[in-house]
Protein chains: 2
Amino acid sequence: MAKLQPRTLSGFMELLPSQQIQFDRMLAIIRQSFSLYGFTPLDTPLIEASEVLLAKGGGETEKQIYRFTKGDSDLSLRFDLTVPLAKYVAMNYSKLAFPFRRFQIGKVYRGERAQRGRFREFYQADIDVIGDGKLDISNEAEIPSIIYRTFTALGLKRFRICVNNRKILNGFYAMLGLTEQSGDIMRTVDKLDKIGAETVAAILTGDLGISQKNTTEILRFISISGSNTQVLAALEEYQGRNETFDQGLDELGTVVKHLAAFGVPESHFAVDLAIARGLDYYTGTVYETAMLDHPEIGSICSGGRYDNLAEYYTEKQLPGVGISIGLTRLFFVLEDQGYLNEELNTAPADVLILPMTDDLGPAIELATSLRQSEIRAQVYSEQKKFKQKMSYADKLGVPYTILLGEDEISQGKVSLKDMVSGGQKLLSKDEAIAEIVKMQGADDALTPILDREE
Amino acid sequence: MAKLQPRTLSGFMELLPSQQIQFDRMLAIIRQSFSLYGFTPLDTPLIEASEVLLAKGGGETEKQIYRFTKGDSDLSLRFDLTVPLAKYVAMNYSKLAFPFRRFQIGKVYRGERAQRGRFREFYQADIDVIGDGKLDISNEAEIPSIIYRTFTALGLKRFRICVNNRKILNGFYAMLGLTEQSGDIMRTVDKLDKIGAETVAAILTGDLGISQKNTTEILRFISISGSNTQVLAALEEYQGRNETFDQGLDELGTVVKHLAAFGVPESHFAVDLAIARGLDYYTGTVYETAMLDHPEIGSICSGGRYDNLAEYYTEKQLPGVGISIGLTRLFFVLEDQGYLNEELNTAPADVLILPMTDDLGPAIELATSLRQSEIRAQVYSEQKKFKQKMSYADKLGVPYTILLGEDEISQGKVSLKDMVSGGQKLLSKDEAIAEIVKMQGADDALTPILDREE
């Protein structure tokens, strides 16, 4: 029979077993971290009716969507987790308790041009808090602590959460009489890190026709930097000239004030007036997260406050705040840059039992018993030579093997071999269990990311 | 603005928060159970090239597939997890250690006619062991123990794993000179439970033109029942007449023999000669799992031994054995039949902190501290009346609230309110943590399914 070349589509990440265990470990930590903040898990369909998913319509996103018909139905694969959330909340409004805090970790689809490190199928890990009519500013203050805890639990050390407030920006541009152009200006200013101040200034005075005076004001404003206290102090000089600005500054002050109570060290947080988040969607606090040693990869966790989640589906005013981690790309970058912790046990089992007798009964009983102690145990039952059995254990990367021959069985013992040190000990079953459980504990304490201290 | 009716597609399960937590708990238990047997997690793309996914071609499945084009690509959504596994193993053959043991829990897509309890998007939870050239029979013996452990861990009690061996069936039909018709016969016999012995006999003698004598033989054969020992003894009477039969009987004997070592009680296991699994795919042991009180829902976990996983992609002979749980349908049935354990804590948080002061600082600090003890804590920070705060706590279903007012703060204490008993205690933070952690432990010991003992 002619064989078909097996292949995985370009732009679709498919991991080898040991990588997958690393990835799953990251998933589990993120899930646990989001849960600790009282977010409830959701799992919405991958496919939605196109009219529902594309209610907002237009834009770059629409071109990238996987859209197709099945029977009479016009269907699309979700391209983010926010639109399905909006649908869900509008649909289940009366059954939910507000503020509604949900997390969702799932795959989304965008038919982008394939290139290295860009994916067409990728995981997003989102949290959102949705209020009914109102939502207190303290929710915006809590977000940096969730970002901080999550990345710290993953093992990342050298990162910084950058925060701004759209009201400060909107208020500032209103002071200059530039409200109409503020969208264009912010989109330009957002590129500051990439294109530099001179090019930004050239675009502002050139393409956007902003006066030299105002351009100078804008550049001076977005270059305000220093400690959080210094930035807030510099912003206070603009106070009293615009109500929106004053409100934004008040909100930013609240976010900064709560940092310590939330356990976020100042080293991992910065007010950064250059951040606007390109979307018109955001209306208050906005967040980006930078890896200090890899600014080139851009923000690894972003989001912000919005005023109305589900305006296409309901008259209800549903303000919210949310962030999203692009997990597939993050994992790609971490692996690419050597951040994955190689000390982690990524074998499918904690111990491989090698029966040295024809009767597999004792090996199976031992495995059953180890599993009752939550030890991941596999019996190697193929009829192969000892050397091949050990070579299998090596290829799996299991931390332990147990040799079980006539001698061990008659003594009621097991030979536990540490595959790292090569040492082998004759132990009682309980002693072997204790040693493996100890290894599990040490492994659980490892983080999937290994970042050097500064 | 005109609003669009938010809706979820028919045949797509979308759960409310408390249901989702139940479902996720089941997922976590299944994942853990599979891991304990040394299966490694895989996560393959939802979308594959149609030529790859449909290499086998034809059949009912193809009509149900979600197939579409994007740019120049002919794409399909996966309809099971077996074909992607075959592709994966063929593609990564040189990088995998054989036997290769993998589990995958993921959504698959079939555009079936929508009806109650049938889903177009549904989770499958699969395990497979793939050998390179050969695979020892003990792998087939291990499968019932995995099924037993998994359902027991979920809380199911009244179920039975039914096992047969295709070689016994093939050998038996060869004895009667009915090899050519054995496929048709087995498909008919497979319906025994649904249509009864008389109708089966009528189809055999009628549509299939089997002689009266052979029909009597067949009915006698498939009605062999009793304890495993009795069934094996009855089968021994056919021994020595056909080599395939003898090999199948030997394999079945091995599977039964290892049951005790694997910890499977005889009460939960039965040799059942009526089981064939409709597919030509299977070549050795086959499995079905029945809920004793709900035979009408059919098998909740099925699979078997096959000789060649990836023949469409590679010349390598890759025999394997695997089973699959249709999780979405199982969850639907369990909920529908009242099997879900209502005692389970399905709230998004273990404790809701209600700050009774304007300054949220102390409440936030307390939440941060609780989270460090792995307690899921939420601060209720909306400015609402006390009654509304308590009503929110009720709606979330949190087991505890903590009231934190001036008095508590000045004494360095918290008021912990048990939302079930209604009791309220003034405790130190550490005492409150201890009580909540104790509740978590009790909750962890609960199973998501609550099945009555027989």
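Relevant structure appears above.
So, here is what we can say about the structure in this document. The shown structure was predicted, so the numbers you read here are calculated from the model rather than taken from an experiment.

1. With respect to the overall build of chain A
- Looking only at helices and strands, one finds 16 helices and 16 strands in chain A.
- Seen along its three principal axes, the alpha-carbon backbone of chain A occupies a region of about 90 × 60 × 45 Å.
- Out of the 454 residues in chain A, the part that is buried amounts to 59%.
- In chain A, once contacts between residues fewer than 6 apart in sequence are set aside, the share between residues at least 24 apart is 69%.
- Of the charged side chains in chain A, 50 are positive and 63 negative, and the gap between their average positions amounts to 4 Å.

2. Topic: the packing of helix α7 (residues 182-189) of chain B against helix α8 (residues 192-205) of chain B
Residues and elements named next belong to chain B.
- Between α7 and α8, the least distance of the axes is 8 Å, while the angle of their chain directions is 140°. Taken together, α7 and α8 sit at an angle that is classed as oblique. The residues of α8 that touch α7, namely those facing Ile185, Thr188 and Val189, are Leu192, Val200, Ile203 and Leu204.

3. Description of α8(B)
All names here are of chain B.
- Taking 1.5 Å per residue, 14 residues should reach 20 Å; α8 reaches only 15 Å between its end C-alpha atoms and comes up short.
- Along α8, the sharpest kink reaches roughly 70°, centred on Glu198.
- Every buried residue of α8 is listed here: Leu192, Val200, Ala201 and Leu204.
- Looking at the buried side of α8, the elements it contacts are α7 and α9 (212-222).

4. Some details on the packing of aromatic side chains
- Under the counting rule described, the total for this entry stands at 37 aromatic pairs over all chains.
- Taking the centre distance of 4.3 Å and the plane angle of 10° together, the rings of A:Phe68 and B:Phe68 count as stacked. Of this pair, A:Phe68 sits in strand β3 (residues 67-70) while B:Phe68 sits in strand β3 (residues 67-70), on two different chains.
- Judged by its relative accessible area of 6%, A:Phe68 is buried.
- Following the ring pairs from residue to residue traces out a cluster consisting of A:Tyr66, A:Phe68, A:Tyr109, B:Tyr66, B:Phe68 and B:Tyr109.
- Above the face of the A:Tyr66 ring, B:Lys70 is positioned so that its terminal group lies 5.2 Å from the ring centre.

5. Notes on the relation of the copies chain B and chain A
- Least-squares fitting of chain B to chain A yields an RMSD of 0.1 Å, with the superposition described by an axial translation of 0.0 Å and a rotation of 180°. What we have between these two chains is a two-fold relation. The rotation axis passes nearest to the C-alpha of B:Phe68 in chain B, at a distance of 3.0 Å.

6. Regarding the pattern of salt bridges
Residues and elements named next belong to chain A.
- Tallied over the full model, the rule gives 42 salt bridges over all chains.
- Close ionic contact of Lys167 with Glu251 constitutes a salt bridge, the shortest N to O distance being 2.6 Å. Pair noted here: Lys167 is in helix α6 (residues 166-175) and Glu251 is in helix α11 (residues 243-258), with a separation of 84 residues, a long-range link. Comparing Lys167 with Glu251 shows no difference in burial state: the two are buried.

7. Some remarks on the sheet that holds strand β10 (residues 302-306) of chain B
All names here are of chain B.
- Pairing is mixed across the open sheet formed by eight strands, whose spatial order is β1-β5-β6-β11-β10-β9-β7-β8. Two strands in the sheet have a free side with no partner beyond their single neighbour: β1 (40-41) and β8 (269-271).
- Relative to strand β5 (residues 100-109), β1 runs parallel, the two being bridged by two bridges. The partner of Thr40 across the bridge, within β5, is Arg102.
- Where helix α5 (residues 138-154) meets the sheet, it contacts β5, β6 (121-130), β7 (159-165), β8, β9 (282-291), β10 and β11 (320-326), and its direction lies at approximately 20° from that of β9.
- Relative to β11, helix α12 (residues 327-336) is tilted by about 40°, and along the sheet it contacts β5, β6, β9 and β11.

8. Considering a negative patch on the surface
All names here are of chain A.
- The grouping of Asp358, Asp359, Glu365, Glu406 and Asp407 at the surface amounts to a negative patch.
- Tracing the sequence through the fold places Asp358 in the loop between β12 (351-355) and α13 (361-372).
- When its relative accessible area of 81% is taken as the criterion, Asp358 is described as exposed.

9. Things to note about the pairing of β6(B)
Residues and elements named next belong to chain B.
- Of all ten residues making up β6, ten are buried, and the element is well covered by its neighbours.
- Burial along β6 is two-sided: the residues Glu121, Tyr123, Ala125, Ile127 and Val129 and Phe122, Gln124, Asp126, Asp128 and Ile130 are all buried.
- Pairing analysis gives ten bridges linking β5 to β6, with the strands arranged antiparallel. Along β6, the bridge assignment pairs Tyr109 with Glu121.

10. Some remarks on the environment of B:Thr205
- Locating B:Thr205 in the fold gives a position in helix α8.
- The sequence separation of B:Thr205 and B:Thr216 amounts to eleven residues, and the corresponding C-alpha distance is 9.9 Å.

11. Thoughts on unusual backbone geometry
Residues and elements named next belong to chain A.
- The omega angle of the peptide bond from Phe98 to Pro99 is 0°, so this bond is cis rather than trans.
- A positive phi angle, close to 60°, is found at Glu374, a residue other than glycine.
- Summarising the element assignment, Glu374 is placed in the loop between α13 and β13 (377-379).

12. Looking at the packing of α6(A) against helix α9 (residues 212-222) of chain A
Residue and element names in this part refer to chain A.
- At a minimum axis separation of 11 Å, α6 and α9 run at an interaxial angle of 155°. One finds that α6 runs roughly antiparallel with respect to α9. Pair α6 / α9 crosses with right-handed handedness. Packed against α6, whose contacting residues are Ile168, Leu169, Phe172 and Tyr173, the element α9 presents Glu217, Ile218 and Phe221 at the interface.
- Taken together, the residues of the contact of α6 with α9 break down into six nonpolar, no polar and one charged.

Cut-offs applied
- Residues numbered from 1 in each chain as written.
- Chains lettered and ligands numbered in written order.
- Predicted model: local features only at pLDDT ≥ 70, side-chain atom pairs only at ≥ 80, totals over all residues.
- Heavy atoms only, no water.
- Helix = DSSP H or I, 4+ residues; strand = E, 2+ residues; numbered from the N terminus.
- Buried < 20%, exposed > 50% of the residue type's maximum accessible area, 1.4 Å probe, protein only.
- Contact = heavy atoms within 4.5 Å.
- Lys, Arg positive; Asp, Glu negative; His and termini not counted.
- Charge placed at Lys NZ, Arg CZ, Asp CG, Glu CD.
- Axes fitted to C-alpha atoms, helices over the stretch in contact; angles between N-to-C directions.
- Parallel < 35°, antiparallel > 145°, perpendicular 65-115°, else oblique.
- Expected span 1.5 Å × (residues − 1).
- Bend = angle between axes of the 7 residues up to and from the residue.
- Phe/Tyr/Trp six-rings, centres within 6.5 Å; stacked < 30°, edge-to-face > 60°.
- Lys NZ or Arg CZ within 6 Å of the ring centre and 35° of its normal.
- Least-squares fit on C-alpha atoms with pLDDT ≥ 70 in both.
- Salt bridge = Lys/Arg side-chain N within 4 Å of Asp/Glu carboxyl O.
- Pairing = 2+ DSSP bridges.
- Patch = residues over 30% accessible without salt bridge, like charges linked within 9 Å, V, L, I, M, F, W, Y side chains within 5 Å.
- Areas by Shrake-Rupley, 256 points an atom, 1.4 Å probe, with all protein chains shown as cover.
- Left-handed = near helix turned anticlockwise from the far one by under 90°.
- Nonpolar A, V, L, I, M, F, W, Y, C, P; charged D, E, K, R; others polar.

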